[in-house]
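# Working through the structure, step by step
Spelled out from the first residue to the last, the chains are:
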Amino acid sequence: MPKHYRPAGKKKEGNAAKYITRNKALNRLQLKLPEFRRLCILKGIFPREPKKKLEGNNKTYYHLKDINFLAHEPLLEKSREIKAFDKKIKKAAAKKNKNLVHRLDKGRPSYTLDHIVRQRYPTFIDALRDLDDALSMIHLFAALPAEKIHDIPAERVHSCRRLSLEWQAYISRTHSLRKTFLSVKGIYYQAEVEGQTITWLTPHVLHQVLPDDVDFRVMLTFVEIYETLLGFVNFKLYYDIGLKYPPILDPQLEAAAAELYAMVKGLASNTATSMEEDSPDAAADNNPIESEPNELEQNEKILSESQARLALLQHRLSSMGKERGAITDGQHKDIALQVREQSEEGEDDDEEKKSCRTLFKGFKFFLGREVPRESLLFVIPAFGGVASWEGDGAPYKETDEGITHQIVDRPTQSHKFLSRDYVQPQWVYDCVNARLILPTEEYFVGRVPPPHLSPFVDDEAEGYLPERAETVKRLQAAAKKQLLPMPGMEDQDMNDQVNILVDALARRNEDNEAAEKEKREAALERAHQEDLLKELKGDSYSAPLLGKGTDELRERSQQEESPSTGFGPENDGDDSKVMSQIMMSGKKRKLYEAMQMGKAKKKAHVKLLEERKRKAEKKA
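Throughout, residues of each chain are indexed from 1 in the direction in which the sequence is written. Only residues with pLDDT of at least 70 are given local features in this predicted model, and only at 80 or more are side-chain atom pairs given and counted; all residues enter the totals for whole chains, interfaces and linings. The side-chain numbers reported here are obtained from all heavy atoms of the structure, hydrogens and water having been left aside.

This is how the line gets drawn: UniProt positions are given in the numbering used here, feature names are shortened, and annotations may be inferred rather than shown by experiment.
Going by the annotation in an unreviewed UniProt entry, the name recorded for the chain is Pescadillo homolog, with Wollemia nobilis given as the source organism. The UniProt entry for the chain carries the following text under Function (unreviewed entry): "Required for maturation of ribosomal RNAs and formation of the large ribosomal subunit."

Next comes the structure, spelled out in structure tokens:
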């Protein structure tokens with residue numbers, strides 16, 4: 001009997017036991033293809049690529065464990081209930097029994113995706129790491145129109161709009177925004193939340209034309225799970241800073257299309273009310289028996305409330321990793337004050353956070369009608385500024401004398417105030433990326449603004465530093481009162497003065513040696529020429545001089561010929577590189593060649609950028 005003989009009907013081994021085709025998975029789960037796709041999207045299951053495709057190369061394979069995992073999913077049974085329920089409604093509608101249809105429609109079964117979010121994201125940090133695509137999709141559907149042709153319900157659009165505004169209000173409240181970039185696709189944002197870097201894209205506020213070649217059913221399935229995920233994240237973030245969730249909106253501001261400002265204002269009011277409720281003085285003032293003061297009952301009430309607040313603070317401190325110890329009533333006020341100060345001011349030793357929180361501090365902005373108001377109302381308060389606009393619900397009007405900057409994008413203005421600067425919207429975003437208040441002269445209305453550079457590009461890694469980036473870098477150094485190195489010098493050399501002196505001495509010695517060498521060579525050349533002239537005239541000349549000159553000339557010729565032979569000290573590095581390439585394995589050699597190709601492509605790209613820059617300068 002062979003060693004690997006397996007009788008027919010026995011247990012399978014290898015890839016046949018690990019993978020299953022999509023058709024077999026559909027038959028096992030008794031689902032249709034759209035339902036199977038939706039279930040895989042919600043559960044995060046994707047196709048696999050086995051090494052050996054036993055059933056053919058043109059088929060889709062899944063892990064058998066994933067399919068068995070789907071077989072025990074509660075959503076599978078719930079989808080079957082909904083399908084059976086739809087059949088009942090369809091049957092009642094066919095019999096024209098409107099009362100039965102109305103009664104059945106009220107009892108439609110519903111489901112939630114909370115358990116799926118808990119399964120896919122065991123910790124809060126895992127949810128934050130996977131939030132980039134969720135935020136981009138939520139902001140996209142918040143700007144789409146609700147159309148029946150593409151089955152986009154209005155409730156879904158309103159829910160995405162609410163979740164996106166809650167997220168922006170939190171980022172603006174905690175000053176967590178770090179980078180922003182205006183592009184053709186939309187506006188890129190990057191924030192830092194709980195130590196995690198989150199980047200998302202928001203579309204421009206324009207009329208959206210929905211294409212017909214996009215499957216919106218698949219996108220709506222993603223939005224369904226992303227809504228639940230973002231709802232969990234928003235609740236946790238709001239709870240950590242002591243705010244109520246969901247925030248209460250001002251109906252007048254919401255009607256005036258200022259939802260983000262209304263939400264930020266609601267957060268401020270919620271914080272104020274929570275602080276008043278937490279203070280023992282407010283509890284004593286709001287005591288209903290104040291007219292008939294009873295000290296014993298009043299003290300008991302204050303003590304019970306203090307103990308409740310004390311337990312809440314101990315729970316928060318334990319979550320931050322501190323010991324859960326007994327805290328006295330005298331220490332309670334200090335701890336509560338520290339917690340409120342941290343939630344209000346967000347104090348941190350990080351210099352970047354401090355610069356972000358105070359970048360626009362003391363500035364008052366007024367936004368014109370033609371600028372992206374919603375984006376600016378999100379960015380300016382996130383960096384410590386105050387913004388207003390023209391319309392109902394605005395905090396102040398255009399005639400306010402305290403306005404320092406007016407953001408406009410029209411070449412002509414009906415009335416100009418001399419006490420403020422009229423700048424283009426790009427100035428705000430460039431200041432945010434540079435962490436610096438840039439000069440406003442280049443951004444005046446009617447002028448062509450400087451290039452808007454992306455903060456997501458590492459100029460040092462790319463090998464090309466644009467002229468505008470170098471200008472901003474020098475402005476930052478001037479603001480910090482630092483001295484930048486001259487072009488061609490490294491930052492490390494500027495920081496280490498000893499290296500500068502050593503390099504200067506080495507260069508001076510090399511120059512002296514080169515000058516002496518040139519003098520010796522010139523003297524030898526002149527002596528050789530004189531000997532040749534004497535020989536032509538027939539005069540005698542000294543043999544020692546000839547021998548000395550010929551020997552030195554011979555040595556010099558050998559030194560000049562040695563680099564060409566490839567055995568000089570200058571070519572030792574090249575020889576080592578060639579030998580190392582010869583000794584490389586095939587896999588490593590291909591990897592090395594790919595790296596060299598990448599470097600060559602990068603150099604070609606830098607060359608192309610420099611050529612474009614030269615052409616632009618010539619045209620200018």
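## Section: the overall build of the chain
This is how the line gets drawn: The helix count covers DSSP runs of H or I at least four residues long, the strand count covers runs of E at least two residues long, and both are numbered beginning at the N terminus. For the exposure calls, accessible area comes from a 1.4 Å probe over protein chains only, and a residue counts as buried if that area is under 20% of its type's maximum, exposed if over 50%, partly exposed in between. The criterion used for residue contact is that any of the two residues' heavy atoms lie within 4.5 Å. Calculation of accessible area relied on Shrake-Rupley with a 1.4 Å probe; when residues are assessed, cover is drawn exclusively from the protein chains displayed.
Along the chain, the regular secondary structure elements total 26 helices and nine strands. Here the chain, with 620 residues, has 30% of them falling under the buried criterion. When contacts within the chain are restricted to residue pairs at least 6 apart in sequence, long-range pairs at least 24 apart make up 58% of them. As presented, the chain carries roughly 41,100 Å² of accessible surface, and 53% of it is formed by carbon and sulfur atoms.

## A closer look at the sheet that holds strand 7 (residues 386-389)
Remark on secondary structure: sheet strands pair via backbone hydrogen bonds, oriented parallel or antiparallel. Threshold: Any two strands are treated as partners once DSSP identifies two or more bridges connecting them. To define axes, lines are fitted to C-alpha atoms, for helices over the stretch in contact only, and angles between the resulting N-to-C directions are given on a 0 to 180 degree scale.
Strand order in the open sheet formed by four strands is 7-6-8-9, with parallel pairing between adjacent strands. Edge positions in the open sheet fall to strand 7 and strand 9 (421-423), since each of these has one partner strand only. Here the average twist between neighbouring strands, direction ignored, is 25 degrees. Where strand 8 (residues 405-407) lies against strand 9, three bridges are found, and the strand directions are parallel. By the bridge assignment for strand 9, Q406 is matched with Y422.

## Notes on a positive patch on the surface
Applicable threshold: Note on patches: the residues involved have over 30% relative accessible area and no salt bridge, like charges join within 9 Å, and the nonpolar side chains Val, Leu, Ile, Met, Phe, Trp and Tyr join within 5 Å. One speaks of a salt bridge when a side-chain nitrogen belonging to Lys or Arg is within 4 Å of a carboxyl oxygen belonging to Asp or Glu. Asp and Glu are treated as the negative residues and Lys and Arg as the positive ones, with His and the ends of the chain left uncounted. Lys charges are placed at NZ, Arg charges at CZ, Asp charges at CG and Glu charges at CD.
On the surface, K577, K599, K602 and K603 cluster together into a positively charged patch. Among the elements that take part in the positive patch, helix 26 (residues 586-619) stands out by supplying three residues, more than any other. Within the element layout of this structure, K577 appears in helix 25 (residues 572-583).

## Looking at the confidence of the model for the chain
As a reminder, the rule being used: The predictor attaches a confidence to each residue, and that confidence, scored 0 to 100, is pLDDT.
In this model, the chain carries an average pLDDT of 77, and 72% of its residues clear a pLDDT of 70 or more. Confidence drops under pLDDT 50 across residues 490-494; counting only partners more than four residues distant or on other chains, this segment forms ten contacts.

## Structural notes on the side chain of H139
Heads up, the rule is: Polar contact criterion, stated in full: a pair of N or O atoms within 3.5 Å, where within protein one must be able to donate a hydrogen and the other to accept it, and residues adjacent in sequence count only if both atoms are side-chain atoms.
One can find H139 in helix 9 (residues 132-142). The class of H139 is buried, set by a relative accessible area of 5%. In this structure the side chain of H139 is engaged in a polar contact, spanning 3.2 Å, whose partner is the side chain of Q168. What H139 contacts, discounting residues up to four positions off in sequence, is S164, W167, Q168, W200, L201, T202 and P203.

## Observations concerning the environment of Y111
With respect to the helices and strands, the residue Y111 is situated in the loop between helix 6 (98-106) and helix 7 (114-120). What makes Y111 partly exposed here is its relative accessible area of 29%. Along the chain, Y111 and S79 lie 32 residues apart, while their C-alpha atoms are 9.0 Å from each other. Polar contacts involving the side chain of Y111 include one to the side chain of R38, which spans 2.3 Å. A polar side-chain atom of Y111 sits 2.6 Å from a polar atom in the side chain of E224.

## Digging into the packing of aromatic side chains
Stated formally: Only the six-membered ring of Trp is used, alongside the rings of Phe and Tyr, when aromatic pairs are assigned; centres must lie within 6.5 Å, and planes under 30 degrees apart are stacked while those over 60 apart are edge-to-face, with the rest tilted. Any Lys NZ or Arg CZ that is within 6 Å of a ring centre and within 35 degrees of that ring's normal is treated as a charge sitting over the ring.
Taken as a whole, this structure holds 17 aromatic pairs when the rule is applied. Ring centres of F36 and Y62 lie 5.3 Å apart, and the angle between their planes is 85 degrees; on these two criteria the pair is classed as edge-to-face. Separated by 26 residues along the polypeptide, F36 in helix 3 (residues 33-43) and Y62 in strand 2 (residues 61-63) bring together distant segments of the chain. For the pair F36 and Y62, one class covers both residues: buried. Taking 6.1 Å as the distance between ring centres and 75 degrees as the angle between the ring planes, the aromatic pair formed by F235 and Y245 counts as edge-to-face. Here Y245 lies in the loop between helix 11 (216-240) and helix 12 (251-255) and F235 lies in helix 11, a separation of ten residues in the sequence. The positively charged end of K364 is found above the aromatic ring belonging to Y396, 4.3 Å away from the centroid. Cation over ring: K416 sits above Y422, and NZ or CZ is 5.9 Å from the ring centre.

## Description of the packing of helix 3 against helix 4 (residues 64-71)
Selection rule: For classification, angles of less than 35 degrees are called roughly parallel, those exceeding 145 degrees roughly antiparallel, those between 65 and 115 degrees roughly perpendicular, and all remaining angles oblique. Put simply, Ala, Val, Leu, Ile, Met, Phe, Trp, Tyr, Cys and Pro go in the nonpolar bin, Asp, Glu, Lys and Arg in the charged bin, and everything else, Gly too, in the polar bin.
At a minimum axis separation of 11 Å, helix 3 and helix 4 run at an interaxial angle of 100 degrees. Comparing the axis directions of helix 3 and helix 4 gives the class roughly perpendicular. Mapping the contact onto sequence places F36, L39, C40 and K43 in helix 3 and I67, F69 and L70 in helix 4. Taken together, the residues that form the contact of helix 3 with helix 4 break down as six nonpolar, no polar and one charged.

## Quick word on the packing of helix 10 (residues 154-174) against helix 18 (residues 373-382)
Their axes nearest at 8 Å, the elements helix 10 and helix 18 cross at an angle of 25 degrees. Overall, the two elements helix 10 and helix 18 adopt an arrangement that is roughly parallel. Contact residues: helix 10 offers R161, L165, Q168, I171 and S172, while helix 18 offers E374, F378, P381 and A382. The residue inventory of the contact of helix 10 with helix 18, partitioned by class, reads five nonpolar, two polar and two charged.

## Some details on the nonpolar core
To be explicit about the condition: In this text, buried Ala, Val, Leu, Ile, Met, Phe, Trp, Tyr and Cys residues form a nonpolar core when linked through side-chain atoms within 4.5 Å. In this document the domain limits rely on a domain assignment from an automatic tool or a database.
Core analysis: the largest hydrophobic core is formed by 85 residues, its most contacted members being L131, F141 and W167. A total of eleven residues in this core trace back to one element, the largest contributor, which is helix 11. Each of two domains, domain 1 (15-72) and domain 2 (113-272), supplies a minimum of three residues to this core.

## Focus on the sheet that holds strand 5 (residues 196-202)
Taken together, three strands build an open sheet; the order of strands is 3-4-5 and the sheet is antiparallel. For this open sheet the edge positions go to strand 3 (177-182) and strand 5, each flanked by a neighbour on one side alone. Here the strands of the sheet are splayed against their neighbours by 15 degrees on average, with no regard to which way each runs. The strands touched by helix 18 are strand 3, strand 4 (187-193) and strand 5; relative to strand 4, the strand with the most contacts, the crossing angle is about 35 degrees.

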